[in-house]
Amino acid sequence: MVLKVFFPSCCSSAESGILIGRWISEQNSAVILAVVHFPFIPVQVKQYLSEVQQVTKIKVSVLGSWSNSKQEKEESLSKFLEDLGTIFSHKPWIQISKERDSKFWSCSTLQKQSNSPKEEEIILVYYDQRKVMLSYLHPPVDIATSTDCKADDASKLAAMFNTVANSKILFMTDRYDDGPIKLTHWQSDGVEASIIVELMKQASVPACMLLTFLLSLTSVICKSRMLKFWPLSFLWSKLSTCEQLGHRLQHLQVISSNKKAQNQIQLMRKANIFVSLLIDVALGILLMSWLYRKNRIGHLADTLIPVADHIAKELQDLLQWLMGAPAGLKMNRALDQVLGRFFLYHIHLWISYIHLMSPFIEMILWYVGLSACLGLTVALCILSDIIALLTFHIYCFYVYGARLYCLKIYGLSSLWRLFRGKKWNVLRQRVDSCSYDLDQLFIGTLLFTILLFLLPTTALYYLVFTLLRLLVVVVQGLIHLLVDLIDSLPLYSIILRLCRPYRLAAGVKFRVLEQKHGKPLRLLMQINPLSYGSVVQTYRLPTYSCYPKDSWTSLCKKLFFGELIYPWKHKGEKQD
């Protein structure tokens, strides 16, 4: 059986000593973690390894000896290193030596029964200890389509990665410590640390306590009975701004929670939420600073009234066109005039309302602009709600037309069943046979004729206002797509993949360093980073959809039968 020895590249120039690590008997492989230098006392080494094993829950032991011939002056040291196998008694005892004046290494195993080096095929694999410890090996994305061989290789790699990652306490000592044991590993020259990171850790404790208090106070206000009464409860459940604020409050609760992350996925989720909030607020502050420069709020308020007047004038011209002979179609003049005057009166009311609010529009926009400090997503949601309020008359036109059209469609379908001697059974939700007398058939024929000849006029108004409504829905949908993109995009994971790709590992690849007959095969293990698509798929944050998820078939069916397309988001529809 092939023996695989994973050797850290940082120990290739270490002084002679003993190798400590983990032996994985199922894979017949050894993961070397560090080199213990001379002088040392075997009892102290065993005691140190037992302490490490209690903390890490990994069976760390002395696996063999390491000899660096370039630094040795006494030839008797190699014999002494072989004799150490009787003290620590690991089976097999691995002997690795760096030959003098040669680029090849020698690696052999010593069995306890024979006391002689055993000739077997050995593969010496070099790995970057720092990258392996800091990286997280992701399982295959498509587990169902992955073969058993790939899954087995992934489990073998996971055992090696977990061994290095869980041995952090072993790497917390450097050569400047006064302890009785001197080790060589990736932090031998000094423990890697950052003053900024340590200061942020110290400052995060009071900041999290303050944020937790403010969030608890906010949650108490949100759960108060005052918000459960009709106007406020309706606004909170229908306006997208309130939903976005509630979504961000949940994110803040996740960040400020003192509960430690249990695994890598939860840790990355917290980091992604924190970076998403940070960038969102930064973009909102930039937008707010842009709005308040050069009196752009005043220019926007001055432009809003002429734009509203222009839209109202275009709607009036459209209704005048519909009240005539649109595209040469012959309409029912009486119904056409009634509907046209009804909608014209609504436009007149809307223009009066806009001009009544015109003195206060600049002040409203000024205070609305301040909300951008809560984040760009909150500002976009406010923009969507403003569009919904400014186009409320178009929504009313669409509802009136849709209800009239739906009433006639269902009336015609019911009367059509009457001609065929059938009716709709409400209790059993099915169509049953039924016998009608002559009077019922006569009245049904009259009603069917009236509804059929009035349908083109109603359908034309419904078609025009449905197209206008769909235009508004598309604009709001694009805004909410941008909000969902900012909310769900794992920005921290993407930045980490860009700057330190080895942190998100999808697998490994091996490169042959030297291969010579009679010498162990030397390989270099390199980390394959996770693709950007897999990063987004794995760490994408949950978000809330803007509209109910309908298929194109369901949407076309609703439009054909005159069912309403609701403009607001339904609460509780969470999308992963």
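A quick note: this is a predicted structure, and the numbers were derived from the prediction, not measured.

Thoughts on the overall build of the protein
Within the protein, the secondary structure is distributed over 16 helices and 16 strands. Look at the contacts in the protein between residues 6 or more apart in sequence, and 72% of them connect residues 24 or more apart. Working note: accessible area of the protein is about 33500 Å², and carbon and sulfur atoms make up 64% of it.

Let's talk about the packing of aromatic side chains
Working definition: an aromatic ring pair is given by the centre-to-centre distance plus the angle between the planes. As enumerated under the stated definition, the model contains 18 aromatic pairs in all. Between the aromatic rings of phenylalanine 560 and phenylalanine 561, the centroid separation amounts to 5.2 Å while the plane-to-plane angle is 90°, which identifies the pairing as edge-to-face. You can call phenylalanine 560 exposed: its relative accessible area is 51%. When its relative accessible area of 28% is taken as the criterion, phenylalanine 561 is described as partly exposed. By way of ring pairs, the aromatic residues Phe342, Phe343, Phe397, Tyr400, Tyr461 and Phe465 are connected into one cluster. Residue placement shows arginine 497 over the ring face of tyrosine 532; its charged tip is 4.5 Å from the ring centre.

Considering the pattern of salt bridges
Taken as a whole and assessed by the stated rule, the structure comprises five salt bridges. Close ionic contact of lysine 313 with aspartate 317 constitutes a salt bridge, the shortest N to O distance being 3.4 Å. With a gap of four residues between them, lysine 313 and aspartate 317 both fall in helix H9 (residues 296-322), about one helical turn apart. Here arginine 430 and aspartate 432 are joined by a salt bridge, their closest N and O atoms 2.9 Å apart. Its relative accessible area of 40% is what places arginine 430 among the partly exposed residues.

Examining the environment of leucine 412
Mapped onto the fold, leucine 412 is located in helix H12 (residues 392-419). For leucine 412, a relative accessible area of 10% puts it in the buried group. On a C-alpha basis, the gap between leucine 412 and leucine 452 in space is 7.3 Å, while along the polypeptide they are 40 residues apart. Leucine 412 has contacts with Phe448, Leu451, Leu452 and Leu455, leaving out every residue within four places of it along the chain.

A word on the packing of helix H8 (residues 264-291) against helix H14 (residues 491-499)
Where H8 meets H14, the closest approach of the two axes is 7 Å, and the angle between their N-to-C directions is 100°. With respect to H14, the element H8 is oriented roughly perpendicular. Contacts between H8 and H14 involve Met268, Ala271, Asn272, Val275, Ser276 and Ile279 from the former and Leu491, Tyr492, Ser493 and Leu496 from the latter. Looking at side-chain class alone, the contact of H8 with H14 contains seven nonpolar, three polar and no charged residues.

Structural notes on the side chain of threonine 241
The topology assignment puts threonine 241 in helix H7 (residues 240-256). Only 3.3 Å separates the side chain of threonine 241 from the backbone nitrogen of isoleucine 382, close enough to count as a polar contact. Not counting residues up to four positions away in its chain, the partners in contact with threonine 241 are Val378, Cys381, Ile382 and Asp385.

Re unusual backbone geometry
Of note, the phi angle at lysine 294 is positive, near 55°, even though the residue is not glycine. By the element assignment, lysine 294 lies in the loop between H8 and H9. With a phi angle near 55°, asparagine 295 is a residue other than glycine that sits in the positive phi range. Inspection of the secondary structure puts asparagine 295 in the loop between H8 and H9.

What about a nonpolar patch on the surface?
A surface patch of nonpolar side chains, about 530 Å² in accessible area, is lined by Phe274, Leu278, Ile279, Leu283, Leu286 and Ile495. For the nonpolar patch, the element with the highest residue contribution is H8, accounting for five residues. Note on placement: leucine 278 falls in helix H8.

Concerning the packing of helix H10 (residues 333-370) against helix H11 (residues 376-390)
Here H10 crosses H11 at 170°, and the two axes come no closer than 13 Å. Classified by the angle between their axes, H10 and H11 sit roughly antiparallel to one another. Mapping the contact onto sequence places Trp350, Ile354 and Val368 in H10 and Ile382, Ile386, Leu389 and Leu390 in H11.

Quick notes on H8
Between its first and last C-alpha atoms H8 spans 40 Å; for 28 residues at 1.5 Å apiece the expected length is 40 Å, and the two agree. Burial in H8 covers these residues: Met268, Ala271, Asn272, Ile273, Val275, Ser276, Leu277, Asp280, Gly284, Met288 and Leu291. The opening residue of H8, the one whose side-chain oxygen lies 3.3 Å from the backbone nitrogen of isoleucine 265, is asparagine 263.

Side note on the pairing of strand S3 (residues 29-37)
Of all nine residues making up S3, nine are buried, and the element is well covered by its neighbours. As judged from the three bridges shared by strand S1 (residues 3-8) and S3, these two strands associate in the parallel manner. Bridged to lysine 4 within S3 is serine 29. Between strand S2 (residues 17-24) and S3, which follow one another and run antiparallel, lie four residues, and asparagine 28 among them has a positive phi close to 55°.

Cut-offs applied
Residues numbered from 1 in each chain as written. Predicted model: local features only at pLDDT ≥ 70, side-chain atom pairs only at ≥ 80, totals over all residues. Heavy atoms only, no water. Helix = DSSP H or I, 4+ residues; strand = E, 2+ residues; numbered from the N terminus. Contact = heavy atoms within 4.5 Å. Areas by Shrake-Rupley, 256 points an atom, 1.4 Å probe, with all protein chains shown as cover. Phe/Tyr/Trp six-rings, centres within 6.5 Å; stacked < 30°, edge-to-face > 60°. Buried < 20%, exposed > 50% of the residue type's maximum accessible area, 1.4 Å probe, protein only. Lys NZ or Arg CZ within 6 Å of the ring centre and 35° of its normal. Salt bridge = Lys/Arg side-chain N within 4 Å of Asp/Glu carboxyl O. Axes fitted to C-alpha atoms, helices over the stretch in contact; angles between N-to-C directions. Parallel < 35°, antiparallel > 145°, perpendicular 65-115°, else oblique. Nonpolar A, V, L, I, M, F, W, Y, C, P; charged D, E, K, R; others polar. Polar contact = N/O pair within 3.5 Å; in protein donor to acceptor, adjacent residues only side chain to side chain. Patch = residues over 30% accessible without salt bridge, like charges linked within 9 Å, V, L, I, M, F, W, Y side chains within 5 Å. Expected span 1.5 Å × (residues − 1). Pairing = 2+ DSSP bridges.

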